[in-house]
Amino acid sequence: MLEELTQRDTTHAHIVELVSTALRQDKLSGISEMLRTVAEAINAYGAILWQVTPGSDLDASPLKGSLFVLAQWLQDDYRFALHDLPLESATGEAILNQVSVNVADVWTDPRVFTRTSFLRETGVKPMCSVPLRFLDGGMGALNLYRKTATPFTETEVSDVEQLASLIPALYQTVRDNVSLTLLRGVNDILNEAEIRSADQPLSKVEMKKVFDSIVRRLAATFQCVEASVFLEDRLEGTKRYELMATTWPGRFKKNIYSANVREGLTGWVLSRAKPVKIFDLAHFEQDKKLIQRDYPNLIWRDSLDIKETVGGFLQITRATELPPLSFMAVPVMMGDKVIGAIRCCTARQGPYYFADRELNLLKPVASQIASYTSNWMSRREMQQENESWRSLVQSVSRLNTFVHNELTRSAPDELRIFDEAMRVTKSVIDGAEIMDVRLLDEGTKELYFARTYGQAWKLGDESEINDRQRKRFSIRGRPTSAGAKAFQSGQVYIIKDVYKDPYYSETFPATRRMIIAPISVEDEIFGVLDIRRTSAFAFPKHAEAIAELLGHQLGLYHFLARNIGRLRNAEIRLKANITELERMRDQQAQTFEDLEHQLRSPIIQAYARVQSLLIEPVTIENLRQNLKALSGLCGKAKRVASSAGLFAKLARQEPIETRKTRLQHDNLMKMLSETAADHELLTDPARGITFYIHRRSYELLEMTRVEVDHDLLEQAISNLLDNAGKYSSKRTRVEISWGMTGGERFQIVVTNKGLVIHSSDVRRCRDRGWRGSIAAAVTGEGSGIGLWIVDNIMTAHNGELIIVPTTAEGSTEVKLVFPASRGR
Amino acid sequence: MKILVVEDDHLQADWMHKNLRIAFPQAELFQVSTEYEFQTRFEELARENLEAVVMDVMLRWADPPPDFSTPPPEVQEQGFYRAGLRCERKLAEDERTQAIPVILYTVLEQADLKNDLQNLPDNVLYLPKKSDLEPVISEVRRIMRQRTET
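What you are looking at is a predicted structure, and each value in this text was computed from that prediction instead of being measured.

Here we take up the nonpolar core. All names here are of chain A. Counting residues in each nonpolar core, the largest one holds 73 residues, and the members touching the most others are Leu 142, Leu 144, Phe 222 and Ile 342. Residue contributions to this core peak at 14 residues, all from helix α5 (residues 154-196). Counting residues in each nonpolar core, the second largest holds 47 residues, with Leu 668, Leu 700, Ala 716 and Ile 803 among its members.

Next up, the structure:
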């Protein structure tokens, strides 16, 4: 009785110790400590906790499955991690029969599977195996071993049975504790990171350090070789999962995954958004059917030679004694979107198996990571957006200054503005690689490339480059290009995938995405701004708004440049007109002054001669001479006075009115004779210039009707003879003739030899105020209005002034040509 | 007495010669019709010891070709309106001729020549052209008297 009580107390003490030990554990590997407690309770060398391998069938005949070491504790830290102990063993018997098996000598008991290094190397002799059932229904056994030959007593076995019965529950307690610790730990890490990022989000490098802390915590919790976190960085692209942190000691061949089942276990998790748990990667191919039943289309390729690699990490040289290379991975979800994955692989020490329990522990960690990452991404995107906007404001300010400087140049070049705008676009829109400005050709209603930006425009040979640059896009009718679409709609057009867009017309094969912003001011659209990206990554979210703003800016610049150009041209024309008006005004003033002098001089002379005649004794010869001189002077005064009147009228742009009567032969001859005589008198006799009139018969003007204003005709003839007198060489004859032209018109012709009129000057001779330089030098007086007046007189008669350039013989002809009609 | 008349209008020149001959029957009269002729005959004229010059202000440069010579830049720029003043300046710049009294005889109003008349030497006088040559004749007489007294 006393012995029984004592034994009961001892057992109770062991239980208390076991419970205390369990409650102290904060790691899953704490199970080893529990096994130690049990082993020490009965002076065992060590304890191994076995579990039936997942997928085993204990009811099958023959038995299917095996046992693996879930956890262990051995006195000398011996490591043993066999994971395919046959069910046909002492331990298997205990599990199958649910009865403890007590073996006095493992080497002699036929039930014991002795082909393990553990038994040989440790020298274990007795063992006992106590079955137990885990809380998730899994079956296992707790084995105790001694090196000494002393077998386990019944009491000891009973003790172990009692203690073993507590292990599943206590282990669960440990798990719960570990879960809380893990979650708390991860929470602390993320909170600390939050605090550090109060002012601005952590950089990616800093984030990786945060995740490094997390994976270390995971690895410590699960005692696994590898704990890794993969996350999607939206700023670099979607469905692209980058390794953020890992505890794997070696190098991975693959640091970036896409959501694709062909990319192995992690790829499957990312694409299916479901967790995966594999008992033993080393047996993947053997267990593939079974695995794919739970995980359809799951594949895995051993690119690392995982057995050897893990064996090296765990320093287990015998591949047969490797623990199960367990693997688990869960997706990191934000709503229903996969933003990453966490994976763990290969326990360093017991528990050597990732059960559902462990997988379920990984899920809340994934949620915490998802929540934090989501915030971080949002803040980073916001920061990037803010920076972009800030940069844009500064850039637009600089651009405005550039535009101002350009527009104030004497010859502003709008294309330079476009170049600068595209440089700004590249700096503020991440991913803007190939750009251009297309403007509308108003004539053909096509968009053409006005300006381009990016190395891609220079790719290819000269012919390819030119063909690309010359490409045009019609905006008529239904849009046949994305540019036309944007132009017609007046809205920014986004192409997320060129292969799926109905309007995209390829200019660059490498383009994947595009933003097309109209270049416009209010309702007027001038063209489009194209921004292309060759990678599959999306443009930042704010890129569209920025592109729209830049499109409006370019529209404004284009509008200003165009109108400034027009205003400049108008200003230039206005200035030219003002200059011309001032010139004409000065010329007009000078002409009136000239006319005044030309009028005053003959009048003064005429008056002087009359006074002389009145004073001096009169002789016939003296009288004749003076009267001839008076005739010439008065004729000149009359001509000048008439010119003044006509000049004033024409300067006011009033038409010359004619009073036409029929030209008679006698009148014409008289007019020609008197005018010729007057001009001959006015010409310096020392120069020896004579005037000769060719005579014709009456018949011509009898048979032909010519209507003229006689006063104006006299003025015109007088002007021609005045020119002839001034510009003829000395000792030459000015000839006056008249008759019909080849085209049945009437003409009066003045021919002289003297100053040369070149064909290039023929037109200018009639211009108001024009005189050749030699003409101005040899005549002095005069304003160059003589032929201009004659031209206007002829126009008033529906006739023509024809100036024939000086011939090789030195003769110059000037003709007055009038309309004529046959008949009396 | 030697009087030079520089006048490009032959009718005006004839009338002046006629009246000067009546007023100064002993005078030897010289005639120049263009600025170019004045320039080319200057040496000859300088040697004549002229006692008075009656100078038209607006003179044509030269007769038409073949006797034509291209005018110098100053003439091209200023034109024929100030030809007489250029000739007067040439007289003033030569010590042989600088003291010769010059009568600027022109249809131009004094107001038209305001700037040009401001800095003329004392031996240069402006007279407007009128139907009566008497003012010119009177001035020549004054010149003669002055010469006699000195």
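Our focus in this paragraph is the packing of aromatic side chains. Residue and element names in this part refer to chain A. Applying the stated rule across the entire model yields 18 aromatic pairs over all chains. Here the aromatic rings of Phe 222 and Phe 354 are separated by 6.2 Å at their centres, their planes lie at 70 degrees, and the arrangement is edge-to-face. With Phe 222 in helix α6 (residues 204-222) and Phe 354 in the loop between β12 (337-347) and α10 (356-407), this pair connects stretches of sequence that are 132 residues apart. Exposure class is identical for Phe 222 and Phe 354. Each is buried. In textbook terms, an aromatic cluster arises when at least three aromatic residues are bridged by ring pairs, as seen for Phe 449, Trp 457, Phe 473 and Phe 508.

Right, let's talk about the sheet that holds strand β6 (residues 139-145) of chain A for a bit. Within a sheet, adjacent strands bond to each other through the backbone by hydrogen bonds, running parallel or antiparallel. All names here are of chain A. Ordered in space as β3-β2-β1-β6-β5-β4, the six strands form an open sheet in which the pairing is antiparallel. Taken across any chain shown, the strands that pair with only one partner, and hence form the sheet edges, are β3 (85-86) and β4 (101-103). Sitting on the sheet, helix α2 (residues 30-41) touches β1 (46-52), β2 (66-74) and β6, and the angle it makes with β2 is about 75 degrees. This element, α5, spans β4, β5 (127-133) and β6 of the sheet and lies at about 35 degrees to β5.

Turning our attention to the interface of chain A and chain B. Contacts between chain A and chain B engage 35 residues on the former and 27 residues on the latter. Of the roughly 2,500 Å² buried between chain A and chain B on both sides combined, carbon and sulfur atoms contribute 56%. Summed over the shared surface of chain A and chain B, the number is one salt bridge. For Glu 109 of chain B, the salt bridge identified is with Arg 600 of chain A, shortest N-O distance 3.1 Å. Joining chain A to chain B, the criterion identifies 13 residue pairs in polar contact (both at pLDDT 80 or more). For the side of chain A that touches chain B, the secondary structure elements donating two or more residues are α14 (543-615), α15 (620-651), α16 (665-682), α18 (710-727) and α20 (773-779) of chain A. Per-element tally for the side of chain A that touches chain B: the top contributor is α14 of chain A, with eleven residues. Within the side of chain A that touches chain B, the residues separate by chemical class into 13 nonpolar, 13 polar and nine charged.

Reading the values: the criteria
Residues numbered from 1 in each chain as written. Chains lettered and ligands numbered in written order. Predicted model: local features only at pLDDT ≥ 70, side-chain atom pairs only at ≥ 80, totals over all residues. Heavy atoms only, no water. Core = buried A, V, L, I, M, F, W, Y, C linked by side-chain atoms within 4.5 Å. Buried < 20%, exposed > 50% of the residue type's maximum accessible area, 1.4 Å probe, protein only. Helix = DSSP H or I, 4+ residues; strand = E, 2+ residues; numbered from the N terminus. Phe/Tyr/Trp six-rings, centres within 6.5 Å; stacked < 30°, edge-to-face > 60°. Pairing = 2+ DSSP bridges. Contact = heavy atoms within 4.5 Å. Axes fitted to C-alpha atoms, helices over the stretch in contact; angles between N-to-C directions. Buried area = accessible area lost by both parts, 1.4 Å probe. Salt bridge = Lys/Arg side-chain N within 4 Å of Asp/Glu carboxyl O. Polar contact = N/O pair within 3.5 Å; in protein donor to acceptor, adjacent residues only side chain to side chain. Nonpolar A, V, L, I, M, F, W, Y, C, P; charged D, E, K, R; others polar.

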